[in-house]
Amino acid sequence: MAARRLDGAAWAARLREELTPRIAAFTDTAGRPPGLAVVLAGDNPASEIYVRNKIATVGAHGCRGELFRLPATATLDEALALVARLNADDSVDGILVQSPLPDGMGRDAEQRVFDAIDPAKDVDGFHAVNVGRLVQKRPALVACTPLGCATLLDREEIPVRGRHAVVIGRSDIVGKPMALLLLHRDATVTICHSRTQDLPAVCRTADILVAAIGRPGFVTPDFVKPGATVIDVGINRIDDAAVAAALFAEGSAKRVQFEKKGSVLCGDVHPDVEAVAGAMTPVPGGVGPLTIAMVLQNTVTAAELRAAARG
Ligand code: NAD
């Protein structure tokens, strides 16, 4: 039987709608809407799309979204100066610096910029203060993608307590905070990564399997316990015919899409997993829209918490 489709796009629409009274109440009291500043350095085409989506979403729900561009030649000091200016601007509740930053800013530029953001405005939840709060189970602003995944599990009422959750990927952005959110919901959590031995066997013990790897179709049916819930975080664009042919059987939906458009989006989970899993997120239309909804939610939360802190 095909897995139940966990419709992230539909949940995202509902979650955004649920935020409208909070946005209206804040705007009423503060005399201005919650404000999100998005910093985009350079001209990465994928970043352009992500940033446009985030700003359009907050704008469509009555918040103020503003884009601050830096040229690809900008220095780290210029990026830090912009962050300092946004930290000092009281009408800005959330600051989001789109990664990747241009190579010219240096290897540790992202961490330095994230560290410079006022933790109260850190809607990405990447600042060490917010990571620490999450570790201690007193979260304020939590990384949007794992927060979206956890919210999906909650809303779909998928049992987590006492279940075995396996997270593939240990990034600061997805894997680690995802594992913590599952732990705080009383799952027994295993974190897997590129050095894990016998990965398929470990994954087959999972009641909930989260894939955040960045490799198209990597999680095949032999990784999945029949009936398990599978959350596919990966977003990979395939535009190579040989890769598409190797991954997708002739006549399959992804192969047909590839042949029509010359490219196709694929998660880290192979579409054949649908025949084994009990429930599964699609790509696109799964975790991606939830991430954007959580940007809106964190912007509203940051605005409310900042107002409450002022008294
Ligand atoms: P990352 O590159 O920082 O981390 C990838 C992780 O996968 C690493 O921890 C690594 O150990 C693990 N890994 C790599 N190869 C492996 C292997 N062969 N076996 C086991 N583990 C392996 O990536 P990230 O930022 O965590 O993102 C992961 C994926 O999620 C990417 O496809 C990214 O595009 C996607 N993503 C999606 C959203 C969204 O909104 N849906 C948001 C962020 C990231």
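All figures in this text were calculated on a predicted structure; none of them were measured in a lab. (Residues numbered from 1 in each chain as written. Predicted model: local features only at pLDDT ≥ 70, side-chain atom pairs only at ≥ 80, totals over all residues. Heavy atoms only, no water.)

Q: If you had to explain the domain arrangement of the chain to someone new, which residues and values would you point to?
A: If you check the domain split of the chain, you get domain 1 (32-120) and domain 2 (145-288). Using only C-alpha atoms to locate each centre, domain 1 and domain 2 end up separated by 29 Å. (Domains from an automatic or database assignment.)

Q: Please give an account of the site of the ligand that cites residues and values.
A: Around the ligand, the structure places 21 residues, and the nearest of them are Thr145, Arg170, Ser171, Val233 and Thr291. In the environment of the ligand, an oxygen atom lies 2.6 Å from a nitrogen or oxygen atom belonging to the side chain of Ser171. Val233 places a polar main-chain atom, nitrogen or oxygen, 3.3 Å from a nitrogen atom of the ligand. Here the ligand, which alone exposes 860 Å², has 72% of that area covered by the protein. No other element matches the three residues that helix H11 (residues 287-310) contributes to the shell around the ligand. Across the shell around the ligand, the residue classes tally to nine nonpolar, 10 polar and two charged. (Near = heavy atom within 4 Å. Polar contact = N/O pair within 3.5 Å; in protein donor to acceptor, adjacent residues only side chain to side chain. Areas by Shrake-Rupley, 256 points an atom, 1.4 Å probe, with all protein chains shown as cover. Helix = DSSP H or I, 4+ residues; strand = E, 2+ residues; numbered from the N terminus. Nonpolar A, V, L, I, M, F, W, Y, C, P; charged D, E, K, R; others polar.)

Q: Provide a residue-level description of helix H6 (residues 144-155), including the pertinent values.
A: With 12 residues, H6 extends 16 Å between its outermost C-alpha atoms, agreeing within 8% with the 16 Å of an ideal straight helix rising 1.5 Å per residue. A large share of H6 lies buried, amounting to 10 of its 12 residues. Within H6 the residues assigned to the buried category are Cys144, Thr145, Pro146, Leu147, Gly148, Cys149, Ala150, Thr151, Leu152 and Leu153. Buried residues belonging to H6 abut helix H1 (8-30), helix H7 (175-183), strand E7 (208-211), strand E8 (229-232) and H11. After H6 finishes, the residue Glu157 shows a positive phi value of roughly 55°. (Expected span 1.5 Å × (residues − 1). Buried < 20%, exposed > 50% of the residue type's maximum accessible area, 1.4 Å probe, protein only. Contact = heavy atoms within 4.5 Å.)

Q: Which residues make up the sheet that holds strand E1 (residues 4-5), and what are the values?
A: Strand order across the open sheet formed by six strands is E1-E11-E8-E7-E5-E6, with parallel pairing between neighbours. Among the strands making up the open sheet, the edge pair consists of E1 and strand E6 (188-192). Inspection of the sheet shows strand E5 (residues 164-168) paired to E6 by five bridges, in the parallel sense. Within E6, the residue paired with Val167 across the bridge is Ile191. (Pairing = 2+ DSSP bridges.)

Q: Tell me about the sheet that holds strand E3 (residues 64-70), and please be specific about residues and values.
A: Strand order in the open sheet formed by three strands is E3-E2-E4, with parallel pairing between adjacent strands. Looking at strand neighbours, the two that pair on one side only are E3 and strand E4 (94-97), the edges of this open sheet. Each strand axis lies, on average, 20° off the axis of its neighbour in the sheet, ignoring direction. Two elements, strand E2 (residues 35-41) and E4, share four bridges in a ladder whose sense is parallel. Its bridge partner being in E4, Ala37 is matched across the sheet by Ile95. Against the sheet, helix H2 (residues 45-60) touches E2, E3 and E4, its axis set at about 155° to E3. Along the sheet face, helix H3 (residues 76-88) touches E2, E3 and E4 and points at about 160° away from the line of E3. (Axes fitted to C-alpha atoms, helices over the stretch in contact; angles between N-to-C directions.)

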